[in-house]
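The primary structure of each chain is shown beneath.
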Amino acid sequence: MEQLYSATLPVGTHEITFGETVANLSISGASILASNVNYARISVAVAGEIVVMGKKYTDNRVSYARRMTELPAGEKENLISVQEATLISPAVAPNVAERLYQYYQRLIKQTMRFVLDAERAGLASSVETSPGTYRDAIIESLDINLSGGYVTKAVIEGE
């Protein structure tokens, strides 16, 4: 615990805003009415010095990777990078990496040809991935051949 704020305040309700993420707040000379990671609303009953103690967030910039152990022949490694995973502690980061890996294992990316009806890029669609098996996907792009009978080539992605 370290001192986060110190001041002499008059009687009343005051809001203290912290310039960084904090936790585990305690106070002397007043009482905490409400608090969050970046502020504390306090009540001062007797004018005087108040001291707010707490713990500052420690930024741990560590990289974790989860790779496919056996990549199919001819396939390139598909690297997914999560740059802004804020407030993930080093203790749970390997589990988060594993969950992201498992999520991306379920993704489908497929190119198909069909006669255009009402499909548009960005819309959700139900796609047959194998005979009788349909999965939800988003249409990423459409390439429409107007002279070839409205045959459309679509790239879809989903899980």
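Residues numbered from 1 in each chain as written. Predicted model: local features only at pLDDT ≥ 70, side-chain atom pairs only at ≥ 80, totals over all residues. Heavy atoms only, no water.

**Describing helix H1 (residues 93–105)**
If you check H1, its first and last C-alpha atoms are 18 Å apart, about what 13 residues at 1.5 Å a residue would give, namely 18 Å. The complete set of buried residues in H1 reads Ala93, Ala97 and Tyr101. Looking straight down H1, one finds its buried side chains confined to an arc of 80°; they lie on one side. The exposed residues of H1 that point more than 90 degrees off its buried face are Asn95 and Arg99. (Helix = DSSP H or I, 4+ residues; strand = E, 2+ residues; numbered from the N terminus. Expected span 1.5 Å × (residues − 1). Buried < 20%, exposed > 50% of the residue type's maximum accessible area, 1.4 Å probe, protein only. Arc of directions from axis to C-beta.)

**Concerning the environment of Val52**
One can find Val52 in strand E6 (residues 48–56). For Val52, a relative accessible area of 0% puts it in the buried group. Taking the C-alpha atoms as reference points, Val52 and Ser6, 46 residues apart in sequence, are found 6.4 Å from one another. Those residues in contact with Val52 that sit more than four places away from it in its chain are Glu2, Gln3, Leu4, Tyr5, Ile16, Phe18, Leu25, Ser26 and Ile27. (Contact = heavy atoms within 4.5 Å.)

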